[in-house]
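# Coordinate analysis (summary)
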Amino acid sequence: MSQTQAISAAAAGTFTLGGYLTVNRLGYGAMRITGPGIWGPPKDKVAALATLRRTVELGVNFIDTADSYGPNVSEELIAEALHPYPAGLVIATKGGWERVGPGQWVHNASPQHLKEAVAASLQRLRLDRIDVYQLHIPDPAVSFDASMETLAELRQQGKIRHVALSNVAQEYIERARKIVPIVSVQNRYSFADREWDFVLNYCEKNNIAFLPWAPLGQNRAAHEALEKVAREFSATPLQVALAWLLKRSKVTIPIPGTSSVAHLEENVAAAALELPDAAFKELSAVTPPPASLRG
């Protein structure tokens, strides 16, 4: 069997969302299958569809997307490529942060918009219920509690199975959990960007999945450290970065994204890369400066 055939996201181990929804701990982020600036259709739709289909062939059973990716394009491509969905595939999507142009975001987490957003995502994804629905970001013009109460109501109605958060500080997680159970938190985090370490620690303590977005973000000092370890283990720096995230906490589910089958296979191969404690400690000792916020 070739290396390509043998690699599987299952090698990363599993995490159980909400006590009963078990997924492999290496997921796939479906933002990059859209056009430039996360706007419009992909330049190569055939490649995007092939990447999505290869994703599930490689044992990835957690796909993260959002209604704002495209907008709508990512969800539509997922349904086109994978519906009817294989048993056990969990699709997590988001709402409350709209895409109005290339590289542009607009807050909109009002109760009415979230209800409409969930209905539209259900239709695009061809689902009766969304397994994991994330508030994309708190809306400064809308009561956070009102946004969460709306998602709790939609969960009660059976349109959402689990509620989750994205781009939040610990305060918001604590407030949300008083309204509805939270199964995952998605914040920017990587080997080279550990600004949200304390949120990851909070998630670990409370058995909440932590989905690092931009998991391959790097700076020069971090890249040099990754290259050194990568040479020792005949891996790529990106694979080492993912392996570090997997070892960092039992609740992390990295969601690297790509529109290339070859890059996807390289990422998923990292599931089987077990960093020895010495290498993990060596990498963890690197303290890169905080990354600048980005939209």
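That block above? That's the structure.
These lines cover the structure that appears in this document, whether it is placed above or below. (Residues numbered from 1 in each chain as written. Predicted model: local features only at pLDDT ≥ 70, side-chain atom pairs only at ≥ 80, totals over all residues. Heavy atoms only, no water.)

## Topic: the pairing of strand S5 (residues 90-95)
Judged by how many residues are buried, S5 sits mostly within the fold: six of six residues are covered. The alternating pattern of S5 places Val90, Ala92 and Lys94 and Ile91, Thr93 and Gly95 on opposite faces, both of which are buried. Crossover handedness for the path strand S4 (residues 62-64) to helix H3 (residues 73-82) to S5: right-handed. As paired elements, S5 and strand S8 (residues 130-135) share four bridges and run parallel to each other. Considered in S8, the bridge of Lys94 is made with Gln134. (Buried < 20%, exposed > 50% of the residue type's maximum accessible area, 1.4 Å probe, protein only. Helix = DSSP H or I, 4+ residues; strand = E, 2+ residues; numbered from the N terminus. Right-handed = clockwise from strand over helix to strand, strands pointing away. Pairing = 2+ DSSP bridges.)

## A closer look at the packing of aromatic side chains
Scanning the entire structure with this criterion turns up seven aromatic pairs. Ring geometry for Phe144 against Tyr172: centres 4.8 Å apart, planes inclined by 70°, an arrangement best described as edge-to-face. One end of the pair, Phe144, is in helix H5 (residues 144-156); the other, Tyr172, is in helix H6 (residues 170-177), and 28 residues separate them in sequence. Given a relative accessible area of 6%, Phe144 falls into the buried group. Look at Trp196 and Phe198: their rings are 5.7 Å apart centre to centre, the planes differ by 40°, and that puts the pair in the tilted class. Taken together, the ring pairs connect Tyr189, Phe191, Phe210, Trp244 and Phe280 into an aromatic cluster. Across from the ring centre of Trp105, 4.1 Å away, lies the NZ or CZ of Arg99, which sits over that ring. The aromatic ring of Phe191 is capped on one face by Arg194, whose charged end is 4.9 Å from the ring centroid. (Phe/Tyr/Trp six-rings, centres within 6.5 Å; stacked < 30°, edge-to-face > 60°. Lys NZ or Arg CZ within 6 Å of the ring centre and 35° of its normal.)

## Section: the sheet that holds strand S11 (residues 209-213)
The sheet built from seven strands is open, its strands ordered S3-S4-S5-S8-S9-S10-S11 with parallel pairing. Only two strands of the sheet have a single neighbouring strand rather than two, namely strand S3 (28-29) and S11. Here two bridges tie S3 to S4, and the two strands are oriented parallel to one another. Across the sheet, residue Gly29 finds its bridge partner in S4, namely Asp64.

On their own, these measurements won't tell you what the molecule is for.
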